[in-house]
Every structure is written in structure tokens, then in C-alpha cells.
Amino acid sequence: MVRSERGLADGSSDVAFVWLPAVPGLRTRVLSVERRLIAMAESHPLAGKEEVTLDDLREEPFIALPAEAGPLRDFWLARDARDDEPVIAATAGTADETFEAVTSGLGVALIAEGNATLYSRPGVAYRPVRGLAPAELAIAWRADDTRPQTRAFLAALPGGRGTRVSAPRRSPWRRR
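Criteria and thresholds
- Residue positions are given per chain, counting from 1 as you read along its sequence in written order.
- Only residues with pLDDT of 70 or above have their local features reported here, since the model is predicted, and side-chain atom pairs are shown and tallied only from 80 upward, although totals for entire chains, interfaces and linings are computed over all residues.
- Heavy atoms throughout the structure, all of them, feed into the side-chain values; hydrogens and water do not.
- A pair of Phe, Tyr and Trp rings is counted when the ring centres sit within 6.5 Å of each other, with Trp represented by its six-membered ring. The angle between the planes then sorts it: under 30 degrees is stacked, over 60 is edge-to-face, the rest tilted.
- Each helix is a run of DSSP H or I of at least 4 residues and each strand a run of E of at least 2, with the numbering of both proceeding from the N terminus.
- The classification of residues rests on relative accessible area computed with a 1.4 Å probe and restricted to protein chains. Under 20% of the type maximum is buried, over 50% is exposed, and intermediate values are partly exposed.
- Any two residues having at least one pair of non-hydrogen atoms within 4.5 Å are treated as being in contact.
- Here, nonpolar core refers to any group of buried Ala, Val, Leu, Ile, Met, Phe, Trp, Tyr and Cys residues whose side-chain atoms link them within 4.5 Å.

**Topic: the packing of aromatic side chains**
Scanning all chains against the criterion turns up four aromatic pairs. Ring centres of Phe99 and Tyr119 lie 5.2 Å apart, and the angle between their planes is 25°; on these two criteria the pair is classed as stacked. Of this pair, Phe99 sits in helix H4 (residues 95-103) while Tyr119 sits in the loop between helix H5 (113-118) and strand S8 (124-130), and the two are 20 residues apart along the sequence. For Phe99, a relative accessible area of 3% corresponds to the buried category. Tyr119 gets classed as partly exposed once you look at its relative accessible area, which sits at 24%. The structure contains a cluster of three or more aromatic residues connected by ring pairs, namely Trp19, Phe75 and Trp76.

Below, the structure written as C-alpha cells:
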């Protein structure tokens, strides 16, 4: 379980942004659908490609979420699309730890396309991974929460009836 889901589980948060898949017991509404990119050191041999495939990444060491992240860890290791076990180089609990490991050349990490801009750092290259299902960013709340305040919050969201809002197709990380 990741930090945002822990807040929902222990009652310290009523709603939270989460990447799907979420843990059981939560309801979610997808806000954004984004491609998964691979983050790697700029000096990595795959950084010279416009896009990579999962086959390109089969032997690459990955920076992984902690094991307690469960299905979310599996998703960011692309276990939904592979029939082998990924190579785990290190575990990282924060974005800073992940990008420190990537920049140092310790391994690669899958991230959502929108995070390539958010976590733009010298020494890191981002490339789309062809053939992977997109990542979904959602608002989550406890499934048993029927309070009017929670319902009002959900109704006030863009597309308050559960409409998906897709990310723009043009990416700012792309080489010019």
C-alpha cells in the first residue's frame, strides 16, 4: 500500500490521488490516462531511440516500488505485459530516490507521461514504451463512504459523472 492509500485506510484522508490499480476497499474515478514512459540515464544505450519496446527492456534492471505497494508495484514493473520476471536493481519509496537511482545508472523506471515534465532532471531521458497499457490517475475514496461531503467533492470534479479526461498527445519530453 502506498502513502495516499494508507491515509484512506486509516481515515486521515477522505479522498486521494492514486495511480491504478488501487487496493481493494476503494472506489475510484479516473481523471487522466497517460502513456507509460521509461526513465533512464541520458547515457543509456536506449536513450538514442525514439521509443522502446518491452523486449528492449527485458534484461534491464528496474527501480521498483517497495513490495508492500503490491499490484501498483507490479503495474510499474510492466508485469501486466510480460511473461518473465523483471530484474530488480533497487527499491525506491520516493520519486527522489527513484530518480537518484536512474541518474546514477543503477536502473530504469517506468513512469506516467505527465511525470516526465514534473520530474524533468538533468541526466534523465524519457522514452515511450510501445505496447504497454496506459497508466490511469484517479481520485479514490473509501467504498463505504457515503457522506454528503465526499459526494459533493466528487460531483464538483471535472466530468463529475466519471468521464475520462485524456492527456494531450503531444509530449514536452520529446526530442526536437
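**Here's the deal with the environment of Leu65**
Note that Leu65 resides in the loop between strand S5 (61-64) and helix H3 (71-76). Residue Leu65 is classed as partly exposed on the basis of its relative accessible area, which comes to 24%. Separated by 29 residues in the primary sequence, Leu65 and Thr94 have C-alpha atoms spaced 8.3 Å apart. Excluding its chain neighbours within four sequence positions, the residues that come into contact with Leu65 are Leu72, Arg73, Trp76, Thr91 and Ala92.

**Examining the nonpolar core**
Counting residues in hydrophobic clusters, the biggest one holds 23 residues, and the most contacted among them are Ile38, Trp76 and Leu110. Per-element accounting of this core gives the leading share, three residues, to H3. Setting aside residues no more than four positions away along its own chain, Ile38 makes contact with Val52, Leu57, Phe62, Val108, Ala109, Leu110, Ala125, Tyr126, Arg127 and Val129. Within the second largest apolar cluster, 13 residues are counted, among which are Leu37, Ala39, Ile63 and Ala101.

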